[in-house]
Number of protein chains: 4
Amino acid sequence: MLHFDSDYMRGAHPAVMQRLMETNLEQTPGYGADCHTENAKRLIMKACGLTGGEVYFLVGGTQTNATVIDGLLSRHEGVLAAGTAHINVHEAGAVEATGHKVITLPSSGGKLSAETVRQYISGFYKDTTYEHMVAPGMVYISHPTELGTLYTLNELEDMSTACAEAGIPLYMDGARLGYGLAAYGTDVTLKDIARLCDVFYIGGTKTGALFGEAVVATRKGLLRHFTPLVKQHGAMLAKGRLLGIQFETLFSGDLYMDICRNAIRMAMKLKEGFTSKGYELYIDSPTNQQFFWLPDEKIDSLMRIATFEMWGPRGENRTPVRLVTDWATRQDEVDELVSHL
Amino acid sequence: MLHFDSDYMRGAHPAVMQRLMETNLEQTPGYGADCHTENAKRLIMKACGLTGGEVYFLVGGTQTNATVIDGLLSRHEGVLAAGTAHINVHEAGAVEATGHKVITLPSSGGKLSAETVRQYISGFYKDTTYEHMVAPGMVYISHPTELGTLYTLNELEDMSTACAEAGIPLYMDGARLGYGLAAYGTDVTLKDIARLCDVFYIGGTKTGALFGEAVVATRKGLLRHFTPLVKQHGAMLAKGRLLGIQFETLFSGDLYMDICRNAIRMAMKLKEGFTSKGYELYIDSPTNQQFFWLPDEKIDSLMRIATFEMWGPRGENRTPVRLVTDWATRQDEVDELVSHL
Amino acid sequence: MLHFDSDYMRGAHPAVMQRLMETNLEQTPGYGADCHTENAKRLIMKACGLTGGEVYFLVGGTQTNATVIDGLLSRHEGVLAAGTAHINVHEAGAVEATGHKVITLPSSGGKLSAETVRQYISGFYKDTTYEHMVAPGMVYISHPTELGTLYTLNELEDMSTACAEAGIPLYMDGARLGYGLAAYGTDVTLKDIARLCDVFYIGGTKTGALFGEAVVATRKGLLRHFTPLVKQHGAMLAKGRLLGIQFETLFSGDLYMDICRNAIRMAMKLKEGFTSKGYELYIDSPTNQQFFWLPDEKIDSLMRIATFEMWGPRGENRTPVRLVTDWATRQDEVDELVSHL
Amino acid sequence: MLHFDSDYMRGAHPAVMQRLMETNLEQTPGYGADCHTENAKRLIMKACGLTGGEVYFLVGGTQTNATVIDGLLSRHEGVLAAGTAHINVHEAGAVEATGHKVITLPSSGGKLSAETVRQYISGFYKDTTYEHMVAPGMVYISHPTELGTLYTLNELEDMSTACAEAGIPLYMDGARLGYGLAAYGTDVTLKDIARLCDVFYIGGTKTGALFGEAVVATRKGLLRHFTPLVKQHGAMLAKGRLLGIQFETLFSGDLYMDICRNAIRMAMKLKEGFTSKGYELYIDSPTNQQFFWLPDEKIDSLMRIATFEMWGPRGENRTPVRLVTDWATRQDEVDELVSHL
């Protein structure tokens, strides 16, 4: 059976597992006060081209989003996001559970535009009753988005400027950041992101780690008193070094990008395979998530040899499906799937 | 100067003030444990045609919505509402501040349809990841809506059935309930509302009281442990009898409806005046809120003799405006305004 | 029947009621944007001897405490308070409901000492795991305390200094502030309080108003974005002028202090009456709350002519009771009660 | 250098690591819907002697406590706990951040007595103002406690009865549960705990796992809608099988108890070593945490060869210290430490 359901179906990249094994009997202080964590932070700062700022390691994505958003917003503020944003749809109300509104804006292909943000904020403060409304306190974007799309450098520059004009931070959910950076044709680098976002996170769970997300605050003081907040959110790992060791491994040499490049290569093979056999793209994604329209009988037959997700309810004749590759997806797996089309 | 900005610009109906004066030196137990409050509850139950259930008095609308919603939802649940709902737009995130998401659904003229609710709920539970999403835990509607529109009896029956099918309560925000009941042509009575909603409130602030909202839970056990929750929300008035006395007065005889009928008569005069002079309705409302398109120069000239609200940002040639009547609006005020058109 | 249960059993001082009547048909903007509210703020600032700062009017005490504390604390912070503090015992967890811990410290007679605060804070930051603990973010005191006791000027100066040293605000719950200011022998004035506290509130509910509490932030910027927070907490009154008019009346001339002085005179008569008949003080309070030990048979006989509160569960032979006076308590009421001893 | 600071300084027991390696390339569904997780649940149910009930796997202790407490309490309720309880002191206000009060009761050696709980609850409901107070909604105990002490079977039976009488659940924090079960002389078994508690968790982080805590709800329906709540709390691991595999390994055969028995053996050797050299116990603990009074010069000299925690601020002559053993502590490490005394 082939599996293209998601990028969190396997454990970790073997190099990550090996380092966890090698370090297993080391005794280190808990809660991230160990040298692996220190080193991982240094490596990430370097990869980001940052000299100031802070790196924090948390366990999972929903937790990271809720904790960062709680750390950035005042009580009267909400977070601007696309209606399709993960925080709005698939995090069980974690943001609202900390008391903050997700203010949804019109979006396209999972992407918010700077113009939409500017218009909302300017309209907001023109409203004479704005003090009865939830103030826009930050912007949340994901890159890649939940629909596998990417911002261009120009778009990010524009969004960054819009946020700076409004005096609110720009936060990027990078659950699949590496796949965005490795995508063919993107003009956005990690250093660009570190320059243009106030806070972002580099996902580990979906890109070769067992778990873990690296939050990067690109300037000191953006996430004040964040350590107690991480603890309060239940997001502080006792054996914090597990996060340090994994990110240390991923960011020593080029492993993180190697992992992501494999997924992209395999995703492009998938796309080529499907489109060459005449299947229509549901969304044209340059990332490790691929979306196709499939006739229902083809879905039924493919499901005998592979697992993957319906992207929405089954249609009458055809249904969009999502197939996801990762660091471990092999050419022969893609070939086998495509051969059944 | 004439004032048509809103229905909370004056104090209370003189009969309410008189009763507050007459009872001022009485000494009664605090927190609503007095005989006026008891009597007011009895009168409201009677007006609603209820034999079971509970009545609670709170101070203001935002507070009432947040407290009732907090009382009806479990932690993993959110409230379904129109995007234009007061709780979604003009309550400063009070619902989210208690940890709950406002799940916005498509609406028309401020109204949700039972069909929309049914579709959302059925789609929700078909989603295999629904446990990662905020469960629909109740439906919020307002009557009249924020746009001055009304549900028909058929629509309410249908919504009530949809909620019962889903096993979730239907809650009606009745900040201006009386104006809805007094509207010409409505087929919805207070008893219908008490029969079809699980919880609703009868607004006092905008209909003749100094302040105060009467929450009606139409069956015992719907709002369990509501008294400590009211206290926790800071919504319990020490001199609770002030609420009791006001609602006792409003619901002794027909005062509450008399008040509302005057506002409706004056609103219909306004509508007639404006339309007879050729101004277009922005929304066709049968309630005490009237919405017209006005040319910008007419707005400017009217503003010399009257205050009223722009309903949205000023347009290039014309702008919608809102004019609101209340229990105290007089025919001569309406005439004077109309004479300036 | 005589009533000494509490100071919120009657309506408002007649002068307050008269002003509410006189202004009843005025039409003013809502939410406190009216001239009465403006004037009341000015009068209170003057009474406090403040030239900078802000005044806000809220409806009730629990609401005021929760909103102010929420406005002063960051998410990782809690409020230091006596274990007997109203926020810790009798506000149904309103502070925790906004996400903040009430950190209870040892106290005496309802009072916290600056020394206790200093020791706690210094111990806290010596603890190497302090980032796993709730940071002390402010100090809450009440004056008079829940036990009718008062801080001396020296004690307040010391507490104010302790807070300044720690860089955290000092907040005073003044639900019965006027009774503290009018107490015989106190050396604390309203101007002292305005000088020594960062934020405090002047209670209206228990001192002659129908309801209402005036929050005084003694410097600009202490309560940032407080207006949306007040709205979010459901603490913003639509007819905000009702609060303005009441405080305008109380602080025009010397009415507020006159009201409180009457209560104190009557309380001292009570104390004299009880002690001269041989009854022991349970707490020696200089305020309008008086606490006595009474034999159980005396309680039973008094309860035939008067209502008052047991202060704790009935004992085997004797029980402490509380008797409260207010602006309306008359000498003949006190005399009648004492004559039954 | 020797390390006796805590039981979370190393990685996982080698058998756990080996299973994580062996299963690393398996592809399984996420979020705990895999067969390892299923099997781990089955094994834990069996070890607990349960036929009904539910098992959930979360990542860490603070997260587990906050999520379970949030799942068990209604909004108006708080959790009864010892003042020394981990949730009250060292979880950064995570319980309050979800809106609930930790109601602290007098305790002894970290233990609550059933009598204390009974008295509090009975006193609470005798208070006529109890609806203004936070209702006692559950009892939290830890076993072993934060001070390394243990409940006896009689004490647990009594506490369980007290909770049942009050109609509130008993929850046990078992961060170090295995060390309590393996302690010499305890008469409490895992099956007793499963019989007497409503909900408890079996800690993994401190007893041989990389991370992970197994929440056991001993009857169906105790933790309703817990899965979305776990997600909302950011406590759901994408690669949920990592938790399943670890607990599957720990509860296949007797590994979990073997691990804990080693820690206890080594702890008892430590105790014997210290006391035989004349050092006084600070707390007499039968668990893997040992507490001694040490002269300050002895602390200084030991710190040259070993790390361990001061248990409170340094005293003038002597200071209590804590030394902790775990599954990997070796006899020669203990011997070396003791030889330096």
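Look up a bit, the structure's there.
Quick caveat, the model's predicted, so the values are computed rather than measured. (Residues numbered from 1 in each chain as written. Chains lettered and ligands numbered in written order. Predicted model: local features only at pLDDT ≥ 70, side-chain atom pairs only at ≥ 80, totals over all residues. Heavy atoms only, no water.)

Draft legend 1. Structural context of the packing of helix α1 (residues 14–22) of chain D against helix α11 (residues 241–250) of chain D. Residue and element names in this part refer to chain D. The N-to-C vectors of α1 and α11 enclose an angle of 135 degrees; their axes lie 9 Å apart at closest approach. Of the possible angle classes, the one that applies to α1 and α11 is oblique. Crossing angle aside, the handedness with which α1 passes α11 is right-handed. Between α1 and α11, the contacting residues are A15, V16, R19 and L20 on the first element and L242, I245, Q246, E248, T249 and L250 on the second. (Axes fitted to C-alpha atoms, helices over the stretch in contact; angles between N-to-C directions. Helix = DSSP H or I, 4+ residues; strand = E, 2+ residues; numbered from the N terminus. Parallel < 35°, antiparallel > 145°, perpendicular 65-115°, else oblique. Left-handed = near helix turned anticlockwise from the far one by under 90°. Contact = heavy atoms within 4.5 Å.)

Draft legend 2. Region of interest: the pairing of strand β13 (residues 318–324) of chain C. All names here are of chain C. A large share of β13 lies buried, amounting to 6 of its 7 residues. Relative to β13, strand β10 (residues 289–295) is paired through 7 bridges, and the arrangement is antiparallel. Bridged to L294 within β13 is T319. Note that strand β12 (residues 309–310) and β13 share 2 bridges and pair antiparallel. Counted as the bridge partner of M310 is V321 from β13. (Buried < 20%, exposed > 50% of the residue type's maximum accessible area, 1.4 Å probe, protein only. Pairing = 2+ DSSP bridges.)

Draft legend 3. Representation of the relation of the copies chain B and chain A. Of the transformation superimposing chain B on chain A, the axial component is 0.0 Å and the angular component is 180 degrees, with the fit at an RMSD of 0.0 Å. Such a combination of rotation and displacement between the chain copies is what one expects of a two-fold axis. A share of 100% of the interface residues of chain B reappears at the interface of chain A, consistent with the copies meeting face to face through the same patch. (Least-squares fit on C-alpha atoms with pLDDT ≥ 70 in both.)

Draft legend 4. Inspection of the interface of chain A and chain D at higher detail. At the junction of the two partners, chain A supplies 42 residues and chain D supplies 42 residues. Interface area, chain A with chain D, both sides summed: about 3,800 Å², of which 59% is carbon and sulfur. Sorting the residues of chain A by area buried against chain D places A:Y8, A:Q27 and A:K239 first, and these three jointly supply 20% of that buried surface. Here chain A is connected to chain D by 0 salt bridges. The interface formed by chain A and chain D contains 26 residue pairs in polar contact (both at pLDDT 80 or more). Contributions of two or more residues to the side of chain A that touches chain D are made by α1 (14–22), α3 (61–72), α5 (94–97), α10 (226–232) and α11 (241–250) of chain A. (Buried area = accessible area lost by both parts, 1.4 Å probe. Salt bridge = Lys/Arg side-chain N within 4 Å of Asp/Glu carboxyl O. Polar contact = N/O pair within 3.5 Å; in protein donor to acceptor, adjacent residues only side chain to side chain.)

Draft legend 5. Highlighting the relation of the copies chain A and chain D. With an RMSD of 0.0 Å, the operation that places chain A on chain D is a rotation of 180 degrees combined with a shift of 0.0 Å along the axis. Looking at chain A, 100% of its interface residues are interface residues in chain D too, so the copies touch through the same face.

Draft legend 6. Representation of the interface of chain B and chain A in the model. Facing 19 residues of chain B, the contacting portion of chain A comprises 19 residues. Summed over both partners, the interface of chain B with chain A comes to about 1,400 Å²; 50% of that surface belongs to carbon and sulfur atoms. Among the residues chain B hides against chain A, the three largest losses belong to B:H90, B:E96 and B:K101. Together they make up 35% of the total. Inspection of the chain B/chain A interface yields 2 salt bridges. Of the charged contacts in the structure, one is a salt bridge between B:K101 and A:E96, with a shortest N-O distance of 2.5 Å. Linking chain B with chain A are 10 residue pairs in polar contact (both at pLDDT 80 or more), by the criterion used here. For the side of chain B that touches chain A, the secondary structure elements donating two or more residues are α4 (86–89) and α5 (94–97) of chain B. Each residue belonging to the side of chain B that touches chain A can be placed in one class, and the counts come to 6 nonpolar, 7 polar and 6 charged. (Nonpolar A, V, L, I, M, F, W, Y, C, P; charged D, E, K, R; others polar.)

Draft legend 7. Broad picture of the pattern of salt bridges. Following the criterion strictly, the structure yields 88 salt bridges over all chains and no others. Close ionic contact of B:D254 with B:R261 constitutes a salt bridge, the shortest N to O distance being 2.4 Å. Residue C:R314 is joined to C:D300 by a salt bridge in which the shortest nitrogen-to-oxygen separation is 3.0 Å. Of the two residues, C:R314 sits in the loop between β12 and β13 while C:D300 sits in helix α13 (residues 296–302), which places them 14 residues apart along the sequence.

Draft legend 8. Broad picture of the sheet that holds strand β6 (residues 170–173) of chain A. Residue and element names in this part refer to chain A. Judged by pairing direction, the sheet is mixed, and its 7 strands sit side by side in the order β2-β8-β7-β6-β5-β3-β4 without closing on themselves. Since the sheet does not close on itself, it has two edges, and those belong to β2 (54–58) and β4 (102–105), each with one partner. When the angles between neighbouring strand axes are averaged without regard to direction, this sheet yields 25 degrees. Where strand β5 (residues 135–142) and β6 come together, 4 bridges link them in parallel fashion.

Draft legend 9. Spatial organisation of helix α11 (residues 241–250) of chain B. Residue and element names in this part refer to chain B. Burial runs high along α11: 10 of the 10 residues are buried. Every buried residue of α11 is listed here: R241, L242, L243, G244, I245, Q246, F247, E248, T249 and L250. Looking at the buried residues of α11, the elements they touch are α1 (14–22), α2 (35–48), β2 (54–58), β7 (199–203), β8 (213–217) and α12 (255–276).

Draft legend 10. Main features of unusual backbone geometry. A cis geometry characterises the amide bond from B:H143 onward to B:P144, with omega recorded as -10 degrees. Residue position: B:P144 is located in the loop between β5 (135–142) and α7 (153–166). For A:H225, which is not glycine, the phi dihedral falls at a positive 55 degrees. For A:H225, the location among the structural elements is in the loop between β8 (213–217) and α10.

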